[in-house]
Amino acid sequence: MCADVYHCAEFIENDPVQFPRRYKVKQDIEISGLLTAIMSFGNRKQILKKANKLHDLLGDSPYQYVISRQWEKDFPVEVTHSFYRMLSYADFYGYFQRLYKAYSRYESLEDALSRHAGIPMERLCSFLEVSPKSPQKKLNMFLRWMIRRDSEVDLGIWESFDQRDLIVPLDTHVCRVAFFFKLTDTDTFSLKNARNITAALAEVFPNDPCLGDFALFGLGVNGEI
């Protein structure tokens, strides 16, 4: 099936998931994964190029980078011009500050999110203080990386969350292909549609609905649908 075709190690080469996969330590993976996911919109080549620049700063240990507060020098809070598209240096200062506070209190980001209520997406939105009513494609992708286990692509390092509670990262490719296959009755970019597509995929993959994400995204990005 299509999910098996695209859910493979070759997927990693041109995908942002390659960045958190550079690391072995849980905290390093979490930090790299979250910041990379937040940047994952727009042209894929530009995403990878800018993520490389970010990881040159993060170095061998994103966790040590956060704890050392080096980010205060690299991403000054007063600098409002772009680091990547509409994300400014000040925006990244805010993300690093939030991560610093989390790791100052908790052992891991997973542990920090366990203090919030709801499904994984709602917990992460609460932590970042963003709306849980939008599709939040980037955050759902990060959660897929952290939670899906036994995957050639995703890392599956979080054990306290259930992959059945994940929501498909909804982008234009997934939305269009899901509509083409009548997994949904609309191509609207909304949280409701992301949930509907996830529910449809759960009928095929009841224990792992986001496995179907690879088929929808792969068919779309490769122009097969």
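Above this text is the structure in question.
Note that the coordinates shown come from a computational prediction; the quantities given were computed from them, not determined experimentally. (Residues numbered from 1 in each chain as written. Predicted model: local features only at pLDDT ≥ 70, side-chain atom pairs only at ≥ 80, totals over all residues. Heavy atoms only, no water.)

**Q** Before we go on, may I ask you to explain the environment of Leu155 in this structure?
**A** One can find Leu155 in the loop between α9 (137–147) and α10 (172–180). Distance in space between the C-alpha atoms of Leu155 and Ser114 is 19 Å, their sequence separation being 41 residues. When near neighbours in sequence (up to four residues on either side) are disregarded, Leu155 contacts Val17, Pro20, Arg21, Ile29, Trp145, Met146 and Arg148. (Helix = DSSP H or I, 4+ residues; strand = E, 2+ residues; numbered from the N terminus. Contact = heavy atoms within 4.5 Å.)

**Q** I tried to follow the side chain of Asp28 on my own but got confused; where do I start?
**A** Relative to the elements of secondary structure, Asp28 occurs in helix α2 (residues 26–38). Buried within the structure, Asp28 lacks any salt-bridge partner; Lys24 is the closest side chain of opposite charge, at an N-O distance of 11 Å. A distance of 3.1 Å separates a polar atom in the side chain of Asp28 from a polar atom in the side chain of Ser61. At a separation of 2.9 Å, a polar atom in the side chain of Asp28 contacts the main-chain amide nitrogen of Tyr63. For Asp28, the contacting residues outside a window of four places in its chain are Tyr23, Asp60, Ser61, Pro62 and Tyr63. (Buried < 20%, exposed > 50% of the residue type's maximum accessible area, 1.4 Å probe, protein only. Lys, Arg positive; Asp, Glu negative; His and termini not counted. Salt bridge = Lys/Arg side-chain N within 4 Å of Asp/Glu carboxyl O. Polar contact = N/O pair within 3.5 Å; in protein donor to acceptor, adjacent residues only side chain to side chain.)

**Q** Would you mind going over the side chain of Glu30 with me for this structure?
**A** With respect to the secondary-structure elements, Glu30 resides in helix α2. Here Glu30 occupies a buried position and makes no salt bridge, while the nearest side chain of opposite charge, Lys26, is found at 4.5 Å. At a separation of 2.8 Å, a polar atom in the side chain of Glu30 contacts the main-chain amide nitrogen of Leu109. If sequence neighbours within four positions are ignored, Glu30 has contacts with Tyr103, Ser108, Leu109, Glu110, Phe142, Met146, Ile157 and Trp158.

**Q** Which parts of the structure should I look at to understand the packing of α10 against helix α12 (residues 211–221)?
**A** When two helices pack together, their arrangement is given by the angle between the helix axes and by the axis-to-axis distance. Packing of α10 against α12 brings their axes to within 8 Å, and their N-to-C directions diverge by 100°. The angle between α10 and α12 falls in the class roughly perpendicular. Counting all contacts with α10, which are made through His173, Val174, Arg176, Val177 and Ala178, the residues of α12 involved are Asp213, Leu216, Phe217, Leu219, Gly220 and Val221. The class makeup of the residues in the contact of α10 with α12 is seven nonpolar, two polar and two charged. (Axes fitted to C-alpha atoms, helices over the stretch in contact; angles between N-to-C directions. Parallel < 35°, antiparallel > 145°, perpendicular 65-115°, else oblique. Nonpolar A, V, L, I, M, F, W, Y, C, P; charged D, E, K, R; others polar.)

**Q** Can you help me understand the nonpolar core in this one?
**A** Soluble globular proteins: nonpolar side chains tend toward being buried together. Counting 72 residues, the largest nonpolar core has Phe75, Phe96 and Phe142 as the members making the most contacts within it. Other than its neighbours up to four places away in sequence, Phe142 contacts Glu30, Gly33, Leu34, Ala37, Leu109, Leu124 and Trp158. (Core = buried A, V, L, I, M, F, W, Y, C linked by side-chain atoms within 4.5 Å.)

**Q** Help me out: how do you make sense of α9 in this one?
**A** Structural remark: α-helix, 3.6 residues per turn; residues separated by three or four positions point the same way. Burial of α9 is extensive: ten of the eleven residues sit out of reach of the surface. Listed in full, the buried residues belonging to α9 are Lys137, Leu139, Asn140, Met141, Phe142, Leu143, Arg144, Trp145, Met146 and Ile147. Looking at the buried residues of α9, the elements they touch are α2, α7 (109–113), α8 (120–128) and α12.

**Q** When you look at α12 in this model, what are you seeing that I'm missing?
**A** Most of α12 is tucked away, with ten of its eleven residues classed as buried. Those residues of α12 that fall on the buried side of the exposure criterion are Leu211, Gly212, Asp213, Phe214, Ala215, Leu216, Phe217, Gly218, Leu219 and Gly220.

**Q** Could you clarify how one ought to interpret the packing of aromatic side chains in this entry?
**A** Any aromatic ring pair is given by two values, namely how distant the centres are and how the planes are angled relative to each other. All told, the structure shown has 18 aromatic pairs when counted by the stated rule. Here the aromatic rings of Trp71 and Tyr100 are separated by 6.1 Å at their centres, their planes lie at 55°, and the arrangement is tilted. With Trp71 in helix α5 (residues 71–74) and Tyr100 in helix α6 (residues 89–105), the pair connects residues that are 29 residues apart, well separated along the chain. A residue is classified by how much of its surface remains accessible, and Trp71, at 1% relative accessible area, is buried. Given the relative accessible area of 22%, Tyr100 is considered partly exposed. When the ring of Phe75 is compared with that of Phe96, the centres are 5.4 Å apart and the planes differ by 40°; the resulting orientation is tilted. Note that Phe75 is positioned in the loop between α5 and β1 (82–84) and Phe96 in helix α6, a separation of 21 residues in sequence. The same class applies to Phe75 as to Phe96, namely buried. (Phe/Tyr/Trp six-rings, centres within 6.5 Å; stacked < 30°, edge-to-face > 60°.)

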